[in-house]
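Letter by letter, the chains look like this.
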Number of protein chains: 2
Amino acid sequence: MAKIKRISFELKTYEYIKPFRIAPGTASHTHNLEVKIETEEGYIGLGEASPSFRVTGERIESLIPLESFVNELLKGKDTKNFRKIFEITDKFFAFPSLKTALQYAILDALSEELSLPVYQILGGAKEKIETDKTVSIGSVEERVREAEEIFKEGFKVIKVKIGLDLREDIETMEELVKRIKGVKYIVDANTAYNPKQAVIFTKELYKKGIDIELLEQPVPAHDLEGLKYVRFNSPFPIAGDESIKNKYEALEVIKMEAVDYINIKLMKCGISDALAIVEMANTANIKLMIGCMGESSLGINQSVHLSAGLGVFEFHDLDSALMIKEDKFRGKYKIRIPYYYLV
Amino acid sequence: MAKIKRISFELKTYEYIKPFRIAPGTASHTHNLEVKIETEEGYIGLGEASPSFRVTGERIESLIPLESFVNELLKGKDTKNFRKIFEITDKFFAFPSLKTALQYAILDALSEELSLPVYQILGGAKEKIETDKTVSIGSVEERVREAEEIFKEGFKVIKVKIGLDLREDIETMEELVKRIKGVKYIVDANTAYNPKQAVIFTKELYKKGIDIELLEQPVPAHDLEGLKYVRFNSPFPIAGDESIKNKYEALEVIKMEAVDYINIKLMKCGISDALAIVEMANTANIKLMIGCMGESSLGINQSVHLSAGLGVFEFHDLDSALMIKEDKFRGKYKIRIPYYYLV
């Protein structure tokens, strides 16, 4: 028995090393909520919520006052019955980043009690994963320069943000493949293209002999027919991100055959929904990647353990903690760029 | 020009005259948030949010800290450009009750400035609407007694809560039609049946010569195939409520042909989504009803004006303000049971 004695929240603000820019806007800081779970026996579990107003509608200031309600719901529950706790925390579907932090903190406390890392509680499929790093949106030159820096840091998968200007986006990709050799590219429009632009973009790249691993979320979140059109008319795999915020939306997209990849982000859906999406996608032969919002190393730790535990993700876009100023590294993993090691 | 000068929030708690019981649980109080918008010229607009954690995942304590963010987004905007303000407030999709209160308060301030009631800003289709009143879930005897009281009060449409015991629910309906003559019944399972139970329920009623106007939300919110099955196998119209929380879910249900009726509740979706759902449903020949969460007269006022303005709702389940203890009636409508009058 490891009964939950207390759950406490702490607000943390981190500054990005340089402003993070994507098609819908720019972020200079990330506001996160740390969740600490203490059990009667003194085990401590930590989780982190990094809400995205744009994607899930959550605001950090709305999470803070939920502390007492969360205690009311979870106090006295046994961390060993974590599936039961997942069921209770599933009611926080409107606060998915908080749901994640709670669910992970439960697993983390259990991990401390069992002296078994979370990724092994979840199955221990892998002991290392490789992450990409992201190039913010900007001019052709800005993006090429940033990609060159990322390549020099040692990353072998580079994510490029696009969506403000179709022709400049194509030119950016041309310059990148000219100047940087031996990397894979993930491209992300963050909802900013229309379906036809997305098809032009991918067909043009193909014609020019440029290969990309996948194009993420070309079209607006709710345009599932548009997403499907892009999937069936593009020479490269298409991933859904903003369109797939929870397991119900994942099922819909799977039923529609609208994507080649699903980008799971814990901050959109929690661990319980992530587990469901993994099973559905695997069964339906849809590939998986895992991404992040503005998590610190504490929050990225959650996705690292989930991914290593399950071993099902083709690509990892777990770079937010590499892009913010943090006093102290708090992940239960080791970094040797471009890898995260669990042992 | 009537520029927004200030938006302020006030928390209000109301006690139900008697605890309100439905299949998923019981409520003794309702916690609402009042929104006041003041313009530079001194016009004041009021709105009310009554969040439902069960249905939309919102918590009242999460709305309160959003006051300064809301001011930041809306200060200086002109209430006459209310469609522009609706677009901004659409970003609060995770806080739909707050979105409603903001959107209505804008219309209310504009109404004050124009000396034109909100229902006429919205089209002025009707000058009176008829509401039902709701029988809480309980034993057969409890429900019959409560329905008799409601009938004596003068209501001609009675809503009956079901979902804990199929046989008792059928028995309740039998007793009701035996003892009360000249009323219409709406029946609401609040997600508590499975599809087969829902079909048995409606077929049994039909065989016994009992007519109901519609059965609301027989099955769990995300079981749209189950909802469709019930629709196509039941002799009475089927309404979706918990399954349809916003315009995107409405479109999905319409595409699937899963319901005969949509129950619009402003607290689920805001005025902007309600307007979209109305147009889609009318176009698709799907009927409409309008319901409520725990609104006081201030909040019910919002739905009364929307309904009278548009004139498209077959049934009104706008009874929450009749079921709570309120010091002062604050609706801009008059009550003569079972009608609400706009003039």
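Calculation notes
Residues numbered from 1 in each chain as written. Chains lettered and ligands numbered in written order. Predicted model: local features only at pLDDT ≥ 70, side-chain atom pairs only at ≥ 80, totals over all residues. Heavy atoms only, no water. Helix = DSSP H or I, 4+ residues; strand = E, 2+ residues; numbered from the N terminus. Rg over C-alpha atoms; globule rule 2.2 N^0.38 Å. Contact = heavy atoms within 4.5 Å. UniProt positions renumbered as here; feature names shortened; annotations may be inferred. Buried < 20%, exposed > 50% of the residue type's maximum accessible area, 1.4 Å probe, protein only. Salt bridge = Lys/Arg side-chain N within 4 Å of Asp/Glu carboxyl O. Phe/Tyr/Trp six-rings, centres within 6.5 Å; stacked < 30°, edge-to-face > 60°. Lys NZ or Arg CZ within 6 Å of the ring centre and 35° of its normal. Pairing = 2+ DSSP bridges. Patch = residues over 30% accessible without salt bridge, like charges linked within 9 Å, V, L, I, M, F, W, Y side chains within 5 Å. Areas by Shrake-Rupley, 256 points an atom, 1.4 Å probe, with all protein chains shown as cover. Buried area = accessible area lost by both parts, 1.4 Å probe. Polar contact = N/O pair within 3.5 Å; in protein donor to acceptor, adjacent residues only side chain to side chain. Least-squares fit on C-alpha atoms with pLDDT ≥ 70 in both. Domains from an automatic or database assignment. 1 Å grid on protein atoms, 1.4 Å probe; cavity = no way out; pocket = protein on both sides within 12 Å on 5 of 7 lines; lining within 4 Å.

Turning next to the overall build of chain A. Check the secondary structure of chain A and you find 13 helices and 14 strands. Against the 2.2 N^0.38 benchmark of 20 Å for 343 residues, chain A shows a C-alpha radius of gyration of 20 Å, consistent with a compact globule. Counting only C-alpha atoms, chain A reaches 60 × 40 × 35 Å along its principal axes. The long-range share in chain A, meaning contacts at least 24 apart out of those at least 6 apart in sequence, stands at 74%.

Following the UniProt record, one finds the feature "domain: Mandelate racemase/muconate lactonizing enzyme C-terminal" (unreviewed entry) at residues 140-237 of chain A. Helix and strand shares over residues 140-237 of chain A are 52% and 13% respectively, and the end C-alpha atoms of the span are 23 Å apart.

Residue and element names in this part refer to chain A. On the secondary structure map, glutamate 216 appears in strand 8 (residues 214-216). Here glutamate 216 falls in the buried class, since its relative accessible area comes to 0%. Sequence-distant contacts of glutamate 216, defined by excluding residues within four places in its chain, comprise Lys159, Ile186, Val187, Asp188, Ala189, Asn190, Ala239, Asp241, Asn263 and Met289.

Looking now at the pattern of salt bridges. Summed over the entire model, instances satisfying the criterion amount to 60 salt bridges over all chains. Connected through salt bridges with shared partners, the residues A:Glu141, A:Glu148, A:Glu175, A:Lys178 and A:Arg179 form a single ionic network.

So, on to the packing of aromatic side chains. This structure, assessed with the given rule, holds 24 aromatic pairs over all chains. By the ring-pair criterion, three or more aromatic residues cluster together here, those being A:Phe69, A:Phe92, A:Phe95, B:Phe53 and B:Phe95. Of note, B:Arg59 hangs over the ring of B:Phe53, and the distance from its end group to the ring centre comes to 5.6 Å.

The next thing to look at is the pairing of strand 1 (residues 4-22) of chain B. Residues and elements named next belong to chain B. Of the pairings in the sheet, the one linking strand 1 to strand 2 (residues 25-39) comprises 14 bridges and is antiparallel in character. By the bridge assignment, isoleucine 22 is partnered in strand 2 with glycine 25. Here strand 1 hands over to strand 2 after two residues, the two strands then running antiparallel side by side.

Before going further, it helps to spend a moment on a nonpolar patch on the surface. On the surface, A:Phe329, A:Ile335 and A:Ile337 cluster together to form a nonpolar patch covering roughly 240 Å² of accessible area. Topologically, A:Ile335 is positioned in strand 13 (residues 334-336).

Each partner contributes to the interface: chain B provides 22 residues, whereas chain A provides 22 residues. Summed over both sides, the interface of chain B with chain A buries roughly 1,900 Å², with 68% coming from carbon and sulfur. Looking at the side of chain B facing chain A, the largest losses of area belong to B:Phe53, B:Phe69 and B:His222, adding up to 25% of the total buried there. There are zero salt bridges connecting chain B and chain A. Summed over the shared surface of chain B and chain A, the number is one residue pair in polar contact (both at pLDDT 80 or more). Taken together, the elements giving at least two residues each to the side of chain B that touches chain A come down to helix 1 (53-56), helix 2 (60-63) and helix 11 (247-256) of chain B. In terms of residue count, helix 1 of chain B provides more of the side of chain B that touches chain A than any other element does, four residues in total.

Strand pairing in a sheet takes place through backbone hydrogen bonds and is either antiparallel or parallel in direction. Residues and elements named next belong to chain B. With respect to topology, eight strands assemble into an open sheet ordered 5-6-7-8-9-10-11-12, the strand pairing being parallel. Each of the sheet's edge strands pairs with one partner strand only, and the pair in question is strand 5 (133-135) and strand 12 (315-316). Bridging between strand 9 (residues 238-240) and strand 10 (residues 261-265) involves two bridges; their strand directions are parallel. Paired with alanine 239 across the bridge in strand 10 is tyrosine 261.

To continue, consider the relation of the copies chain B and chain A. With an RMSD of 0.0 Å, the fit of chain B onto chain A corresponds to turning through 180 degrees and sliding 0.0 Å along the axis. Here the transformation between the copies is reduced to the relation of a two-fold axis. Rotation axis and chain B: the residue whose C-alpha lies nearest the axis is B:Ser62, separated from it by 2.0 Å. Looking at the interface residues of chain B, 100% of them are also at the interface in chain A, so both copies use one shared face.

Glancing now at the domain arrangement of chain A. Residues and elements named next belong to chain A. Taken domain by domain, chain A consists of domain 1 (4-115) and domain 2 (121-341). Here the C-alpha centroids of domain 1 and domain 2 sit 23 Å apart. Contacts between the two partners involve 42 residues from domain 1 and, on the opposite side, 44 residues from domain 2. Taking both partners together, domain 1 and domain 2 bury about 3,400 Å²; carbon and sulfur atoms supply 59% of that area. Here aspartate 273 and lysine 99 are joined by a salt bridge, their closest N and O atoms 3.1 Å apart. Counting every contact that joins domain 1 to domain 2 gives 22 residue pairs in polar contact (both at pLDDT 80 or more). For the side of domain 1 that touches domain 2, the elements supplying multiple residues, two or more each, are strand 1 (4-22), strand 2 (25-39), strand 3 (44-49), helix 1 (53-56), helix 4 (82-89) and helix 5 (96-114).

All names here are of chain A. Here the UniProt-annotated "active site" (unreviewed entry) positions come out as Lys161 and Lys265. Lining of the second largest pocket among the annotated residues: Lys161 and Lys265. Summarising the element assignment, lysine 161 is placed in strand 6 (residues 157-161). Here lysine 161 is in contact with Phe20, Arg21, Ile22, Thr134, Val135, Ser136, Ile137, Arg143, Asp188 and Asn190, once residues within four sequence places are set aside.

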